[in-house]
Amino acid sequence: MTQAQVGGWRAWSVWAAGTLAFIAAMFSRTSFGVAAIPAAEQFSAPVGAMSMFVIVQAGVYAAMQIPAGAVLDRLGSRNVLAIGLGVMTAGQVVLAFATSFPLGLVARVFIGGGDALIFSSAIRLILLWFPPRKIPVLTQVTAAAGQAGQWLSAVPLVMILSNWGWATAFLTVAASCFAGLLLAVLVVRDAPPGLVVTSRGSGGLFAGVGEVLAMPAAQLAFFIHMLAASAPIAFTFLWGFPYLTQAQGLTDAQAGSLFTVFVIASMIVGPLTGMLTRRFAARRTFLALGIVGLSAVVWTSALVWPGYAPHWLLVLLLITIGADAPASNIAFDINRSHVPAHRIGTATGVTIVGGFSAGLVVVAAIGVLLSILGGPNPSADDFRVAMSAQLVVWVYAGIMVIRKRRQLLRSLPSADE
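Counting restarts for each chain, with residues numbered from 1 along the sequence as it is written. The predicted nature of this model means local features are confined to residues of pLDDT at least 70 and side-chain atom pairs, given and counted, to a pLDDT of 80 or more, with totals for whole chains, interfaces and linings taken over all residues. Computation of side-chain values covers all heavy atoms of the structure but excludes hydrogens and water.

### Thoughts on the environment of Val353
Helical segments are the DSSP runs of H or I of at least four residues, strand segments are the runs of E of at least two, and each set is numbered from the N terminus. Tracing the backbone shows Val353 in helix 16 (residues 344-374). Linking Val353 and His311, residues 42 residues apart in sequence, is a C-alpha distance of 34 Å. Excluding residues that lie within four positions of it along the chain, Val353 makes contacts with Ala62, Gln65, Ile66 and Phe222. For this analysis, residues touch if any pair of their heavy atoms sits within 4.5 Å.

Below you can see the structure in the form of structure tokens.
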């Protein structure tokens, strides 16, 4: 990769446009998480069956990550952002007017497929437009800003659903995706003038996938993302809102307020995590393990608490889950340090598969357990058992992170991540 002048006002405008596009995508991604109960009415199905919508969306998202990364390395961020947001817009429009379960699933396929193209495109812009010292913090700031999309789902979208109904709510989401598309087309440029990414290699579109999968750093990044991203995905995509309202007895407004706590925590912890990642690069894996370990302790405490958990514990739960999201982004900094620039899109896609595949497993497991234990009306105790599925993923991913870190260190000239 030849160097060019990076930074400056143009870099900040490109970054802002890419970040706003990601916020729109996050709004679209998490919108169904607060609509599980209205969706059950919309599609005349039990609440437990609503997990299928998230499973389909997250499954398509995860399956598309590696192809999306390969396409990104070929087409650049601007084109891929525009394609992804266009597909998401179409999916949300279909969902707004769908009344049958199968058509709703088709809409979620579009939404998941388009969403798969967005975050990695925004991250690639940071890598190419800014100097290395700014990349860890800006990556975290971008991810934290994306949590504004989660807040849009938790508060304004809930109000729109309550006051104006299903179609208006999801047409609003579609409009935000289209606005992000316009920003991408008008403002985003793939790289600064004079910066040329070389060494793309020969072969077809997926020629670099095997190369990336063989890299110890990419394997470590995969499991860090699995460890830290699975809980935020499972909680915010679907089961957090029903857990707070049905298992903890909160009103929709109270649950929405707690989701706001999640967003604020992510936005505060994100930049701090970026600074710590830059300062203690050789120990950044332990930073991810520590953050997730605290989350696991709080999650377990909430599940074993007799009766309704106290409000302070639920607030702490949302804070720690919110901190998990920035911890997952440490995976991208591992890639930045060890993966060649011409493979960074593919490596980012591989990494995201880790978190979303695990999140998908947790969403599905919770849905199956709720259906078995409680049928259409699961109790608080049913939720307590079902939500414990997350603990299994944490244990497995934590073990794999430790193993893959050791493998990476053995492959490096010094014991430095």
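We are not done yet, so read on.
### Description of helix 6 (residues 119-129)
For helix 6, the tally of buried residues reaches 11 of 11 residues, placing the bulk of the element in the interior. In this scheme, a residue with accessible area under 20% of its type's maximum is buried, one over 50% is exposed, and one in between is partly exposed, where area comes from a 1.4 Å probe on protein chains only. Every buried residue of helix 6 is listed here: Phe119, Ser120, Ser121, Ala122, Ile123, Arg124, Leu125, Ile126, Leu127, Leu128 and Trp129.

### Describing the packing of aromatic side chains
Pairing of aromatic side chains here covers Phe, Tyr and the six-membered ring of Trp, requires ring centres within 6.5 Å, and sorts the geometry by plane angle: under 30 degrees stacked, over 60 edge-to-face, intermediate tilted. Summed over all chains, the structure comprises 19 aromatic pairs. Summarising the aromatic geometry, the rings of Trp166 and Phe170 are spaced 4.5 Å apart at their centres and angled 40° between planes, so their arrangement reads as tilted. Here the residue Trp166 and the residue Phe170 both occupy positions in helix 9 (residues 166-187), the gap between them amounting to 4 residues, near one helical turn. Look at Phe235 and Phe259: their rings are 6.0 Å apart centre to centre, the planes differ by 25°, and that puts the pair in the stacked class. Taken together, the residues Phe235 in helix 11 (residues 216-247) and Phe259 in helix 12 (residues 252-279) connect sequence positions 24 residues apart. Looking at Phe235, the relative accessible area reads 1%, which means it is buried. For Phe259, a relative accessible area of 1% gives the class buried.

### Notes on helix 4 (residues 77-97)
Expected helix span is taken as 1.5 Å per residue step, with the number of steps being one fewer than the number of residues. Helix length check: helix 4, at 21 residues, gives a terminal C-alpha distance of 31 Å against a target of 30 Å (1.5 Å per residue), a fit within 8%. Here helix 4 has its buried residues at Ser77, Val80, Leu81, Ala82, Gly84, Leu85, Met88, Thr89, Gly91, Gln92, Leu95 and Ala96. In this structure, the buried residues of helix 4 make contact with helix 1 (8-30), helix 3 (51-75), helix 5 (101-115), helix 6 and helix 9.

### As for a nonpolar patch on the surface
Nonpolar side chains (Val, Leu, Ile, Met, Phe, Trp, Tyr) are joined into patches within 5 Å and like charges within 9 Å, using only residues with over 30% relative accessible area and no salt bridge. We get accessible surface area from the Shrake-Rupley algorithm with a probe of 1.4 Å; when it comes to residues, only the shown protein chains can shield them. Definition used for salt bridges: Asp or Glu carboxyl oxygen within 4 Å of a side-chain nitrogen of Lys or Arg. A cluster of nonpolar residues, Val94, Leu103, Val106, Val109 and Phe110, forms a patch on the protein surface that exposes about 350 Å² of accessible area. Ranked by residues supplied to the nonpolar patch, first place goes to helix 5 with 4 residues. With respect to the element layout, Phe110 can be found in helix 5.

### What to know about the pattern of salt bridges
As enumerated under the stated definition, the model contains 5 salt bridges in all. Asp115 serves as the salt-bridge partner of Arg29, at 2.6 Å between the closest nitrogen and oxygen. One end of the pair, Arg29, is in helix 1; the other, Asp115, is in helix 5, and 86 residues separate them in sequence. With relative accessibility at 8%, the residue Arg29 sits in the buried group. Accessibility expressed as a relative area gives 1% for Asp115, which makes it buried. Put simply, Asp333 and Arg336 hold a salt bridge, and the shortest N to O gap is 2.7 Å.

### Side note on the packing of helix 4 against helix 6
Between helix 4 and helix 6, the shortest axis-to-axis distance is 9 Å and the interhelical angle comes to 160°. One way to sum up the angle between helix 4 and helix 6 is to call them roughly antiparallel. Crossing angle aside, the handedness with which helix 4 passes helix 6 is left-handed. The segment helix 4 lies against helix 6, with Ser77, Val80 and Leu81 engaging Ser121, Arg124 and Leu125. In this classification, Asp, Glu, Lys and Arg are treated as charged, Ala, Val, Leu, Ile, Met, Phe, Trp, Tyr, Cys and Pro as nonpolar, and every other residue, Gly included, as polar. Tallied by class, residues from the contact of helix 4 with helix 6 come to 3 nonpolar, 2 polar and 1 charged. Only C-alpha atoms enter the line fits that serve as axes; for helices the fit covers just the stretch in contact. Angles between N-to-C directions range over 0 to 180 degrees. Between 65 and 115 degrees an angle is taken as roughly perpendicular, under 35 as roughly parallel, over 145 as roughly antiparallel, and anywhere else as oblique. Crossing handedness is defined as follows: a turn of the near helix away from the far one that is anticlockwise and smaller than a right angle gives a left-handed crossing, while the clockwise case is right-handed.

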